[in-house]
Amino acid sequence: MKYSIYILYGISFISIMLAFIALLKQKTYINEVTKEVTEVELPLLGRLKTNYPSLVFLAMGIFLAVFVFNKSYNTKRIWEISGTFIDPTRTITNWSEGELNIQPSAIIRKTIDSIGNYHICLELTDGQEIEDVVEVITYTNQKFSFNLEPSQERKKKERDDNSSLLAISTTSTRKYKPATLNYFKY
């Protein structure tokens, strides 16, 4: 873990300890208008004669500790997928008129340039790989379509099958070989 996580845990611990010290000293506050002791009703704790600063420190400390815990144990990793689509008829002039999708969708950013190069960024939980999450990558326009199943392509690559479209596989990227689009025949 990073040192900043320990620092934030320290700050939340100090905040919670200060809250308990303030609660033990229990200075009560009087409402200036009604001249009565200020009370706060909390859903789970009921009515409390309040010491606002201690409750603020307590809430802040608990919130910070939960926030840091979630950030430190639910780490995400950015994955990149890239490749090229090939138009067998050379009639596509604007690749962005088609739709580039992933099932299920966890896309941060997706682009396809004027010559059919695509680039997709995903955010996955640390330890997951693209093949564990992404079922299919599709490109569709008015005349063409293409489906790529990352898990199938990886299995082919592991068997040294030359028909695999997976060219490069790293810990956070997948680069696919050029893929020829399928033409719709009406």
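Residues numbered from 1 in each chain as written. Predicted model: local features only at pLDDT ≥ 70, side-chain atom pairs only at ≥ 80, totals over all residues. Heavy atoms only, no water.

Caption draft 1: Spotlight on the overall build of the chain. Counting its regular elements, the chain contains 4 helices and 12 strands. The C-alpha radius of gyration of the chain comes to 28 Å, more than 25% above the 16 Å expected for a compact globule of 186 residues. With respect to the principal axes defined by its C-alpha atoms, the chain has extents near 85 × 35 × 25 Å. Across the chain, the fraction of contacts at a sequence separation of at least 24, relative to all contacts at a separation of at least 6, is 58%. For the chain, the accessible area works out to roughly 12,700 Å², and carbon and sulfur atoms hold 57% of it. Within the chain, the 20 negative side-chain charges are centred at a point lying 4 Å from the centre of the 22 positive side-chain charges. (Helix = DSSP H or I, 4+ residues; strand = E, 2+ residues; numbered from the N terminus. Rg over C-alpha atoms; globule rule 2.2 N^0.38 Å. Contact = heavy atoms within 4.5 Å. Areas by Shrake-Rupley, 256 points an atom, 1.4 Å probe, with all protein chains shown as cover. Lys, Arg positive; Asp, Glu negative; His and termini not counted. Charge placed at Lys NZ, Arg CZ, Asp CG, Glu CD.)

Caption draft 2: Structural context of helix H1 (residues 3-25). Taking 1.5 Å of rise per residue, the 23 residues of H1 would be expected to cover 33 Å, and the 33 Å separating its terminal C-alpha atoms lies within 8% of that figure. The set of residues buried in H1 consists of Ile-5, Ser-12, Ser-15, Ile-16 and Ala-19. (Expected span 1.5 Å × (residues − 1). Buried < 20%, exposed > 50% of the residue type's maximum accessible area, 1.4 Å probe, protein only.)

Caption draft 3: Structural view of a nonpolar patch on the surface. A cluster of nonpolar side chains, contributed by Phe-13, Ile-14, Met-17, Leu-18, Phe-20, Ile-21, Phe-57 and Met-60, occupies part of the molecular surface with about 750 Å² of accessible area. Where the nonpolar patch is concerned, the elements lending two or more residues are H1 and helix H2 (52-73). Among the elements that take part in the nonpolar patch, H1 stands out by supplying 6 residues, more than any other. Looking at the element boundaries, Phe-57 is found in helix H2. (Patch = residues over 30% accessible without salt bridge, like charges linked within 9 Å, V, L, I, M, F, W, Y side chains within 5 Å. Salt bridge = Lys/Arg side-chain N within 4 Å of Asp/Glu carboxyl O.)

Caption draft 4: Fine view of the packing of aromatic side chains. One pass over the full model with this rule turns up 6 aromatic pairs. Taking 5.5 Å as the distance between ring centres and 45° as the angle between the ring planes, the aromatic pair formed by Trp-95 and Tyr-139 counts as tilted. Residue Trp-95 is located in the loop between strand S3 (76-86) and strand S4 (99-103), and its partner Tyr-139 is located in strand S7 (residues 136-140); the two are separated by 44 residues in the primary sequence. Each member of the pair, Trp-95 as well as Tyr-139, carries the same accessibility label: buried. Clustering of aromatic rings is evident, with ring pairs tying together Phe-85, Trp-95, Tyr-118, Tyr-139 and Phe-146. (Phe/Tyr/Trp six-rings, centres within 6.5 Å; stacked < 30°, edge-to-face > 60°.)

Caption draft 5: Quick peek at the sheet that holds S4. What the 4 strands build is an open sheet, ordered S4-S7-S8-S12; its pairing is antiparallel. Of all strands in the sheet, those bounded by a partner on one side alone are S4 and strand S12 (182-183). Sheet topology places S7 next to strand S8 (residues 144-148); 4 bridges connect them, and they run antiparallel. Bridging across to S8, Tyr-139 finds its partner in Phe-146. (Pairing = 2+ DSSP bridges.)

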